[in-house]
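Residue-level listing of the chains:
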Amino acid sequence: MRRLFPVTDETAAPAGETTGTSRAGEGPEGREWSLAELAAAYAYPGPGPGGDRQPWLRANMVSTLDGAAQHEGRSQPISSPADMRVFGTLRALADVVLVGAETVRLEGYRPARARAEFAAAREAAGQGPAPAVAVVSAGLDLDFSLPLFATPLVDTLVLTGAAAPPDRIAAAEAAAGTRVVIAGDGTGVDPARAVRALAERGHTRLLTEGGPRLLGQLVAAGVLDELCLTVAPMLVAGDAQRIAGGPSVTLPSRFTLKSMLEEDGFLFTRYARS
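A brief structural summary. Remember, it's a predicted structure, so these values are computed and weren't measured experimentally. Sequence order sets the numbering: in each chain, residues are counted from 1 along the sequence as written. The model is predicted, so local features are restricted to residues of pLDDT at least 70 and side-chain atom pairs to those at 80 or more, both for listing and for counting; the totals for chains, interfaces and linings are taken over all residues. Computation of side-chain values covers all heavy atoms of the structure but excludes hydrogens and water.

The next point concerns the sheet that holds strand S10 (residues 266–273). Reading across the sheet, the 10 strands line up as S1-S9-S10-S8-S2-S7-S3-S4-S5-S6 and stay open at both edges, with mixed pairing between neighbours. Unpaired on one side and paired on the other, strand S1 (2–5) and strand S6 (178–182) mark the two borders of the sheet. If you compare each strand with its neighbour and ignore which way they point, the axes differ by 25° on average. A pair of strands is considered paired only if DSSP assigns at least 2 bridges between the two. Think of it this way: any DSSP run of H or I at least four residues long counts as a helix, any run of E at least two long counts as a strand, and we number them from the N terminus. In this sheet, strand S7 (residues 205–208) lies alongside strand S3 (residues 96–100) in parallel orientation, the contact comprising 3 bridges. Counterpart to Val97 in the pairing with S7 is Leu207. The criterion used for residue contact is that any of the two residues' heavy atoms lie within 4.5 Å. Under this scheme, a helix contributes an axis fitted over its contacting stretch, all axes are lines through C-alpha atoms, and angles between N-to-C directions fall in the 0 to 180 degree range. Sitting on the sheet, helix H2 (residues 81–93) touches strand S2 (56–64), S3, S7, strand S8 (226–232), strand S9 (255–263) and S10, and the angle it makes with S2 is about 165°.

As structure tokens, then:
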């Protein structure tokens, strides 16, 4: 892996030349970064002047060159080993992973696992052994016998609205490893209220992995702070979804490029709210 942006003396060096000892794989040929280096590259913003940590919501998505977020309904075919290392690192840095119910069903979501490589860093940051998974669902059409809900290492949160079907709320609450969080007055979830509800539970380092419908709702609500987008060097055509769906926003949201890494033709970009 090599860093393309921000530009340094090493990233700007012509192929075959170096300007000294490579830092974090920034030489022209690159190398596989360690997990610690990836964690440093994707660190969340630190606490404010008063020591309080404000919620920061980042999204991690992958897209092909022609804008497809999936191939045959899943993101795995357009991913890569480097993308999966970034995926795992972003999860390991987060307090909670926010995901839509449809993505849970399509991708076969399982509970986040504890990773020995990040155990000391998570403990030092005051985090549990693994991030919680927070599933956003209006109808609660979910199989609560699955490991994600029945036997997670950290309790799974199910975010829904106050008007969700009472029998489905009861089914979720009956699952051994699930906690229901009401984050909307109707059947659906209010994105801003969801972020506040998670922050009130100590989850301020938030990560969403979509899917496109949920990401579109977060974008429309103006609560997304950062987008970590992997651009896969692939063309798939077809009618696959983009990374964000739903109604368009009144004014396009402007984000600023913070970093860009590359490995095997895959670009790993990081944009933050301007």
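Attention now goes to the pairing of S8. The buried label goes to any residue with under 20% of its type's maximum accessible area, the exposed label to any with over 50%, and the partly exposed label to all in between, with areas taken from a 1.4 Å probe on protein chains only. When you tally the buried positions in S8, you get 6 out of 7 residues, the bulk of the element. Two strands pair when backbone bridges link them, and S2 and S8 are joined in this way by 7 bridges, in the parallel orientation. Directly across from Asn60, in S8, lies its bridge partner Cys228. By the bridge criterion, 6 bridges tie S8 to S10 in an arrangement that is antiparallel. Counterpart to Leu227 in the pairing with S10 is Tyr271.

In the sections that follow, a salt bridge refers to a side-chain nitrogen of Lys or Arg positioned within 4 Å of a carboxyl oxygen of Asp or Glu. Taken as a whole and assessed by the stated rule, the structure comprises 13 salt bridges. Of the charged contacts in the structure, one is a salt bridge between Arg31 and Glu37, with a shortest N-O distance of 2.9 Å. Note that Arg115 and Glu117 form a salt bridge whose closest N and O atoms lie 3.8 Å from each other. Its relative accessible area of 52% is what places Glu117 among the exposed residues. Through salt bridges that share partners, Glu32, Arg85 and Glu263 make up one connected network.

This part takes up the side chain of Arg58. Relative to the assigned elements, Arg58 resides in strand S2. Residue class for Arg58 comes out buried when judged on its relative accessible area of 0%. Setting aside anything within four residues of it in sequence, one finds Arg58 in contact with Tyr42, Ala43, Tyr44, Leu90, Leu93, Leu206, Leu207, Thr208, Leu224, Glu226, Cys228 and Arg270.

What follows is about the pairing of S3. Of all 5 residues in S3, 5 are buried; the element is thus mostly enclosed. Both faces of S3 are covered, namely the face carrying Val96, Leu98 and Gly100 and the face carrying Val97 and Val99. Sheet topology note: the S3/strand S4 (residues 132–136) ladder contains 5 bridges and is parallel. Within the sheet, the bridge partner assigned to Val99 lies in S4 and is Val135.

This part takes up the packing of aromatic side chains. By convention, a stacked pair of Phe, Tyr or Trp rings (six-membered ring in the case of Trp) has centres within 6.5 Å and planes under 30 degrees apart, an edge-to-face pair has planes over 60 apart, and any other such pair is tilted. Scanning the model with the defined rule gives 1 aromatic pair in all. For the pair Phe144 and Phe149, a centre-to-centre distance of 5.0 Å together with 70° between the ring planes defines the contact as edge-to-face. Judged by relative accessible area, which is 10%, Phe144 ranks as buried. The class for Phe149 is buried, based on a relative accessible area of 1%. Directly above the aromatic system of Tyr44 lies the positively charged group of Arg58, at a separation of 4.1 Å from the ring centroid. Two limits define a charge over a ring: the Lys NZ or Arg CZ must be within 6 Å of the ring centre, and within 35 degrees of the ring normal.

We now examine helix H8 (residues 212–221). What H8 keeps buried is the set Pro212, Leu214, Leu215, Gly216 and Leu218. Of the residues one or two after H8, Gly222 is the one with positive phi, at around 75°.

Multiplying 1.5 Å by the helix residue count minus one yields the expected span of that helix. In this model, H2 (13 residues) spans 19 Å end to end at C-alpha, consistent with the 18 Å of a helix rising 1.5 Å per residue. In terms of burial, H2 is largely enclosed, as 10 of its 13 residues are buried. Among the residues making up H2, those that are buried are Ala82, Asp83, Arg85, Val86, Gly88, Thr89, Leu90, Arg91, Ala92 and Leu93.

Our next topic: the nonpolar core. Nonpolar cores were defined as sets of buried Ala, Val, Leu, Ile, Met, Phe, Trp, Tyr and Cys residues, with membership established by side-chain atoms within 4.5 Å. The biggest cluster of nonpolar side chains holds 28 residues, and the ones touching the most others in it are Leu57, Leu98, Ala134, Leu159, Leu198 and Ile243. Secondary structure elements with two or more residues in this core: S2, S3, S4, strand S5 (156–160), helix H7 (191–200), H8 and S8. In terms of residue count, the dominant contributor to this core is H7 (4 residues). Once residues lying within four places of it in the same chain are set aside, the contact partners of Leu57 are Val195, Leu206, Leu207, Thr208, Leu218, Val223, Leu224, Asp225 and Glu226. Counting 23 residues, the second largest nonpolar core, distinct from the first, contains Ala41, Tyr42, Val62 and Phe266.

Computed from the structure, the largest pocket encloses a volume of approximately 1,200 Å³. A cavity, in this analysis, means grid points on a 1 Å lattice covering only the protein atoms where a 1.4 Å probe fits yet has no way out; a pocket is instead an open set bounded by protein on both sides within 12 Å along at least five of seven lines, and a residue lines either one if it has an atom within 4 Å of a point. Lining of the largest pocket is provided by 50 residues; of these, Arg91, Thr103, Glu107, Tyr109 and Glu209 occupy positions nearest its centre. Every element with two or more residues in the lining of the largest pocket is listed here: S2, H2, helix H3 (101–107), helix H4 (116–124) and H8. Considered as a void within the structure, the second largest pocket measures approximately 540 Å³ in volume. Of all the elements in the fold, those that place two or more residues in the lining of the second largest pocket are H8 and S10. When residues in the lining of the second largest pocket are grouped by element, the largest group, 4 residues, is from H8. Grid points are joined across faces, edges and corners, and a volume is the space filled by probe spheres set on the points.

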